[in-house]
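This is what each chain is made of:
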Amino acid sequence: VDTSTLHINNGLKTLSPNEIEITVVTNPTCPGCKVLHDSLSKAIATFKEHISIQYLFLVDPTQKNKKAYQIATLILSLPLHVQEQAINEWFNATNEIAWKKKWLTEKLDIQKGYESLVDQVIWCNEQKINYSPTLTINNRIIPNNYTSNQIKDLITAIKTQQTTARHLNTTD
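Residues numbered from 1 in each chain as written. Predicted model: local features only at pLDDT ≥ 70, side-chain atom pairs only at ≥ 80, totals over all residues. Heavy atoms only, no water.

**A closer look at the overall build of the protein**
Each helix and strand counted, the protein has 6 helices and 5 strands in total. Taken from the N to the C terminus, the helices and strands of the protein come in the order β-β-α-β-α-α-α-α-β-β-α. Considering only contacts in the protein between residues 6 or more positions apart, those separated by 24 or more positions represent 78%. (Helix = DSSP H or I, 4+ residues; strand = E, 2+ residues; numbered from the N terminus. Contact = heavy atoms within 4.5 Å.)

Here it is as structure tokens:
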């Protein structure tokens, strides 16, 4: 996949650009997305300073009466600096009404949320990503059956490979 065509306003981008780029294509009502989100949260805690992560929603923007659309656009309508917290709290929420009540008090830009969602769906279609969850690390799609420990191991391997490559380049 090619994430270079994504822009920060089109995705829920967290952390700063780093050597390991993770993109998660998700849907707020997808049970597998919650499992991946939980696994990924645990896996990246160790490597936060080396990882840039962004979340994209694969939700039909014409289905405005569906919960997935409503949650995705609400999150994308929030100010950028609170979107990561909102998505983390959504996937950990035990009370949907309390979650909505909290985030509906924020300043929302519904048009921006809708436009961002449309852009994300277009990007997913261009990349031929048609299911959620989809996890990419450094522009490579990772199979869905990875556990949090396996994701940690994969990130460790990538980090080691990058460190070795940098070391070899400085000794030439």
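**Re the packing of aromatic side chains**
Within the structure shown, the criterion is met by 1 aromatic pair. Centroid distance Trp90 to Trp99: 5.0 Å. Interplanar angle 70°. Geometry classified as edge-to-face. You can call Trp90 buried: its relative accessible area is 10%. Take Trp99: its relative accessible area is 4%, and that puts it in the buried class. The cationic tip of Lys64 hangs over the ring face of Tyr114; the distance from NZ or CZ to the ring centre is 4.6 Å. (Phe/Tyr/Trp six-rings, centres within 6.5 Å; stacked < 30°, edge-to-face > 60°. Buried < 20%, exposed > 50% of the residue type's maximum accessible area, 1.4 Å probe, protein only. Lys NZ or Arg CZ within 6 Å of the ring centre and 35° of its normal.)

**Let's talk about the pattern of salt bridges**
For the structure shown, the criterion picks out 4 salt bridges. Residue Lys67 pairs with Glu96 through a salt bridge whose shortest N-O separation is 2.9 Å. On the criterion of sequence distance, the pair formed by Lys67 in helix 2 (residues 67-77) and Glu96 in helix 4 (residues 96-103) is long-range, its members being 29 residues apart. (Salt bridge = Lys/Arg side-chain N within 4 Å of Asp/Glu carboxyl O.)

**A few points about the confidence of the model for the protein**
Predicted coordinates in areas of low pLDDT are best not read in detail. On average, residues of the protein carry a pLDDT of 84, and 88% of them reach 70 or more. The lowest-confidence element of the protein is strand 1 (residues 12-14), averaging 53 in pLDDT; the highest-confidence one is helix 2, averaging 95. (pLDDT = per-residue confidence, 0-100.)

**Remarks on the nonpolar core**
Counting 38 residues, the largest nonpolar core has Ile22, Leu135 and Ile155 as the members making the most contacts within it. With 7 residues, the single largest contributor to this core is helix 2. Aside from chain neighbours lying at most four places away, what touches Leu135 is Ile22, Thr23, Val24, Leu36, Leu40, Arg140, Ile141, Ile142 and Ile151. Core analysis: the next-biggest nonpolar cluster, separate from the first, contains 6 residues, Leu56, Trp123, Cys124 and Ile129 among them. (Core = buried A, V, L, I, M, F, W, Y, C linked by side-chain atoms within 4.5 Å.)

**Remarks on the environment of Asn130**
Position of Asn130 among the secondary structure elements: in the loop between helix 5 (110-126) and strand 4 (134-137). Along the sequence, Asn130 and Leu58 sit 72 residues apart, while their C-alpha atoms lie 7.7 Å from each other.

**With respect to the side chain of Thr26**
Examined against the element boundaries, Thr26 turns out to sit in strand 2 (residues 20-26). When near neighbours in sequence (up to four residues on either side) are disregarded, Thr26 contacts Cys33, Leu56, Phe57, Leu58, Ile87, Phe91 and Ser132.

**Description of the packing of helix 2 against helix 5**
The N-to-C vectors of helix 2 and helix 5 enclose an angle of 115°; their axes lie 7 Å apart at closest approach. Between helix 2 and helix 5, the interaxial angle falls into the category roughly perpendicular. The interaxial crossing formed by helix 2 with helix 5 has right-handed handedness. Taken together, the residues of helix 5 that come into contact with helix 2 (itself represented by Tyr69, Ala72, Thr73, Leu76 and Ser77) are Ile110, Lys112, Gly113, Tyr114, Ser116, Leu117 and Gln120. (Axes fitted to C-alpha atoms, helices over the stretch in contact; angles between N-to-C directions. Parallel < 35°, antiparallel > 145°, perpendicular 65-115°, else oblique. Left-handed = near helix turned anticlockwise from the far one by under 90°.)

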